[in-house]
Amino acid sequence: MYYRSRAIVLKSINYRDTDKLVSLFTEEKGKVRSIARGVQKPKSSLRACTQPFCHSMLHLSSGRELDIITQGKLIDFYGNSREDVVLSLHSLYIMELIDKALLDKMPMPELYSCALSVLEYLDKKGFNPLVLRYFELQLLAGLGYGPLLDACCGCGRKDVKKPVFNLAQGGIFCESCLDVSLHNVYLNGESLAVLRLLACGGLAALNRLKVSPAALKQIEHILELDLEYHLERKFNMKKTIQLINKSQ
Ligand SMILES: [Zn+2]
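Residues numbered from 1 in each chain as written. Predicted model: local features only at pLDDT ≥ 70, side-chain atom pairs only at ≥ 80, totals over all residues. Heavy atoms only, no water.

Some words on the side chain of S88
1) Next: With respect to the helices, strands and loops of the structure, S88 is situated in helix α2 (residues 85-101).
2) Next: Those residues in contact with S88, other than ones at most four positions away along the chain, are F53, S81 and R82. (Helix = DSSP H or I, 4+ residues; strand = E, 2+ residues; numbered from the N terminus. Contact = heavy atoms within 4.5 Å.)

Below, the structure is given as structure tokens:
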């Protein structure tokens, strides 16, 4: 069966002499594993539209294990991000998250537009760590693991003093409801407020947001733990980014 869909290229690896295995996040069918034949030949028309983190319109033919990319047209290459190491690494991190988190052929149109808006934000406005955290939260929510941040999951009180996030329960607890477990992460008030805003606000709200370095670090840490806990995966690109940051 032939179909056509807009798609974000998650991963593209050389295969056999001239082919590539391409992991796609398609608008129509969600994550699709595909093959682009002859794409390593210099004149292949599929070269540009199968690069990691580009946005393309693709024609595909369904196969037993892999769908075959028959034609393609580039929609956006995100040229600014591609020329900048920090932006490239973070765009690739978004691709790795999607590739490792999604099951094959489960359409997720909301997450698809969210991923596009994040790629576009990085390309047009430059690096902002909150954009990455926003995507991580939207991904968790899309998979049904969105953290419960509005009130204490035990007693329901909203003004939680000294909130503690429990990974296993997927939400915050106050001191009196706290279940002492290995999966607790302490949060400060600022981090909780920012997490709440990222969970319900859009990208537009992020430009005006001023967040202390301590809260940024705490939010990054908690989302990293939460993603690893639910997806049971490690994210190589995240580790690469952290190593580069440490060496600077
Ligand atoms: Zn409570």
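Having seen the structure, we can now continue with the description.
Focus: the packing of aromatic side chains
1) Next: Enumeration over the complete set of coordinates arrives at 1 aromatic pair.
2) Next: Between F25 and Y112, the ring centres sit 5.4 Å apart and the planes meet at 75°, which makes this aromatic pair edge-to-face. Of this pair, F25 sits in strand β2 (residues 19-26) while Y112 sits in helix α3 (residues 109-125), placing them 87 residues apart in sequence.
3) Next: The buried category is assigned to F25, whose relative accessible area is 0%.
4) Next: Looking at Y112, the relative accessible area reads 1%, which means it is buried.
5) Next: The ring of Y3 carries the charged tip of K29 above its face, separated from the ring centre by 4.4 Å.
6) Next: One Lys or Arg, R82, reaches over the ring of F53 and ends 4.0 Å from the middle of that ring. (Phe/Tyr/Trp six-rings, centres within 6.5 Å; stacked < 30°, edge-to-face > 60°. Buried < 20%, exposed > 50% of the residue type's maximum accessible area, 1.4 Å probe, protein only. Lys NZ or Arg CZ within 6 Å of the ring centre and 35° of its normal.)

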